[in-house]
Amino acid sequence: MVKIIFVSSSGEKREVEAEPGMTVMETATKGGIDEIVAECGGACACATCHVYVDDAWTDKTGAKSAMEESMLDFAENVEVNSRLSCQIKVSDQLDGLIVRMPESQH
Ligand code: FES
């Protein structure tokens, strides 16, 4: 079992168990993380699953696809470590992954 740590914009940490093969967005919605809205259900078409990947984890979460990059243009306060959580697949290597959430989605 892999654990993902979601940090709210006010600094509150919540740990959610994830299965390899799920996405970080699916982990959040299953785990009751309301800040991840995920309007499009993971189709990379809404940008309401925006997260900031902790600096220590950016190598392990990999690179954004061109489609993800262009969808992030619709998110607010995008930073270099911004990702769409529906595009990050959970694997054993992501055990302990820390993602911070923006104050709001859109
Ligand atoms: Fe819509 Fe991620 S859930 S882009």
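Bear in mind the structure is a predicted one, so any value in this text is a computation, not a measurement. (Residues numbered from 1 in each chain as written. Predicted model: local features only at pLDDT ≥ 70, side-chain atom pairs only at ≥ 80, totals over all residues. Heavy atoms only, no water.)

*Asks:* Outline the pairing of strand 1 (residues 2-7), supporting the account with residue identities and numerical values.
*Replies:* Regular strands place their side chains on alternate faces of the sheet. Within strand 1, 5 of the 6 residues are buried, which leaves the element mostly enclosed by the surrounding structure. Relative to strand 2 (residues 13-18), strand 1 is paired through 6 bridges, and the arrangement is antiparallel. Across the sheet, residue Ile5 finds its bridge partner in strand 2, namely Glu15. As consecutive antiparallel partners, strand 1 and strand 2 are separated by 5 residues, and within that stretch Gly11 has a phi angle of approximately 100°, a positive value. Taken together, the 4 bridges between strand 1 and strand 5 (residues 97-100) define a ladder with parallel strand orientation. Across the sheet, residue Ile5 finds its bridge partner in strand 5, namely Ile98. (Buried < 20%, exposed > 50% of the residue type's maximum accessible area, 1.4 Å probe, protein only. Helix = DSSP H or I, 4+ residues; strand = E, 2+ residues; numbered from the N terminus. Pairing = 2+ DSSP bridges.)

*Asks:* Please set out the pattern of salt bridges residue by residue, giving values where relevant.
*Replies:* With the rule as written, the count across this model stands at 4 salt bridges. In this structure, the salt-bridge partner of Arg14 is Glu12, at a minimum N-O distance of 3.6 Å. Arg14 gets classed as partly exposed once you look at its relative accessible area, which sits at 22%. Given the relative accessible area of 42%, Glu12 is considered partly exposed. Of the charged contacts, one joins Glu79 and Arg100 as a salt bridge, the two residues approaching to 3.5 Å between their closest N and O atoms. Of this pair, Glu79 sits in the loop between helix 3 (66-72) and strand 4 (82-84) while Arg100 sits in strand 5; the two residues are 21 residues apart in sequence, bridging distant segments of the chain. With relative accessibility at 38%, the residue Glu79 sits in the partly exposed group. (Salt bridge = Lys/Arg side-chain N within 4 Å of Asp/Glu carboxyl O.)

*Asks:* Please provide a residue-by-residue account of the environment of Ser85, values included.
*Replies:* In this fold, Ser85 is placed in the loop between strand 4 and strand 5. Separated by 10 residues in the primary sequence, Ser85 and Asp95 have C-alpha atoms spaced 15 Å apart. When sequence neighbours within four positions are dropped, the list of residues in contact with Ser85 reads Thr23, Val24, Met25, Ile36, Cys49 and Val51. (Contact = heavy atoms within 4.5 Å.)

*Asks:* Before we move on, can you summarise the environment of Phe74 with the specific residues and values?
*Replies:* Residue placement: Phe74 occurs in the loop between helix 3 and strand 4. Judged by relative accessible area, which is 54%, Phe74 ranks as exposed. In sequence terms Phe74 and Cys46 are 28 residues apart; their C-alpha atoms lie 7.8 Å from each other.

*Asks:* Lay out the nonpolar core in plain terms, naming residues and giving numbers.
*Replies:* Formed by 28 residues in total, the largest nonpolar core has its most connected members in Ile4, Phe6, Val24, Ile33, Ile36, Leu84 and Leu97. Within the residue set of this core, elements represented by two or more residues are strand 1, strand 2, helix 1 (24-30), strand 3 (50-53), helix 3 and strand 5. (Core = buried A, V, L, I, M, F, W, Y, C linked by side-chain atoms within 4.5 Å.)

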